[in-house]
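What follows is the residue order along each chain.
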Amino acid sequence: EKNIDALLKGFVALREQGVDARLAIVGDGPQLAELRSTYRRGDICFTGYLNGDELGAAFASADVFVFPSMTDTFGNVVLEAQASGLPAIVSDRGGPQEIIVNGESGMVIDMDRPGALTAAMHAMCNGEALRTQMSQTAVQLAHESDWNAVFDCFWMHDAHRSTQSVAVC
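Predicted model only: the values in this text are computed from it and were never measured. For every chain, the first residue of the written sequence is number 1, and numbering continues from 1 onward in sequence order. Residue-level local features of this predicted model are given only where pLDDT is at least 70; pairs of side-chain atoms are given and counted only at 80 or more, and the full residue set underlies all totals for whole chains, interfaces and linings. Excluded from the side-chain calculation are hydrogens and water; included are all heavy atoms of the structure.

This part is about the nonpolar core. A general tendency of soluble globular proteins is for nonpolar side chains to be buried together. Among the buried residues, those of types Ala, Val, Leu, Ile, Met, Phe, Trp, Tyr and Cys that are joined through side-chain atoms within 4.5 Å form a nonpolar core. Per-residue accessibility, obtained with a 1.4 Å probe over protein chains only, is compared with the maximum for each type, and a residue is labelled buried under 20%, exposed over 50%, and partly exposed between these values. Ranked by internal contacts, the top residues of the largest apolar core, which has 25 residues, are L8, F46, I89, I109, L117 and M121. Sorting the residues of this core by element identifies α1 (4–16), β1 (23–26), α2 (32–38), β2 (44–48), β5 (106–109) and α5 (116–125) as the ones contributing at least two each. Residues contacting L8, with those up to four places away along its chain left out, are L23, I25, L35, Y39, I44 and F46. If you look at the next biggest cluster of nonpolar residues, it comprises 13 residues, including F59, A88, V90 and A142. By the criteria applied, helices consist of DSSP H or I runs no shorter than four residues and strands consist of E runs no shorter than two, each listed in order from the N terminus. Two residues qualify as a contact provided that any one of their heavy atoms is within 4.5 Å of a heavy atom in the partner residue.

Structure, rendered in structure tokens:
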């Protein structure tokens, strides 16, 4: 459901290109034991379920957030990552793509394009200036995405219903 296999394969390809990177997979699920067994590597860590301060520490320890799911309707975790200052790499399908401003607060990629995820991770790993700029934009956009801002957007949309058919927030 979260497309973890694509993430792991893309990460292994990234490492095979000589990029010095580490991957932390945060969360739990029915595949966790199998994935831990299959990917016994020093550069991949499966933390299991985290919350509170432990989850905050995981976000604070990262440079980039990668969320390759193609089925999530919103992807609140992407918004949480951006609020933590992490540029995000997300799929061009599902809700998370609507949270990211492609090229400004992260990257939206075609998961069906071979090598696209690896290329995006490569660009982020080797582009400190890019990450820094995207990090700043991500935080700004996350702060603009509070419930009051969303409510105001829809309130304004309702007030202008006769001239607009879709609200873009």
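Still to come is the rest of the account.
This brings us to unusual backbone geometry. Positive phi, close to 65 degrees, is recorded for N3, a residue that is not glycine. Relative to the helices and strands, N3 resides in the segment before α1.

Attention now moves to the sheet that holds strand β4 (residues 88–91). Only strands that DSSP links by at least two bridges are regarded as paired with each other. Taken together, the three strands give an open sheet; going across it, the order is β3-β4-β5, and neighbouring strands pair in parallel fashion. Strands at the two margins of the open sheet, each flanked by one partner only, are β3 (65–67) and β5. Looking at each pair of strands side by side, their axes are set apart by 10 degrees on average, direction ignored. Across three bridges, β3 lies against β4 in parallel orientation. In the sheet register, F67 faces β4, and the bridge partner there is V90. Each of β3 and β4 is contacted by helix α4 (residues 76–83), which is oriented at about 170 degrees to β3, the strand it contacts most. Between the N-to-C directions of two axes lies an angle of 0 to 180 degrees, each axis being a line fitted to C-alpha atoms and, for a helix, fitted only over the stretch in contact.

No statement about biological role is implied by the geometric values presented.
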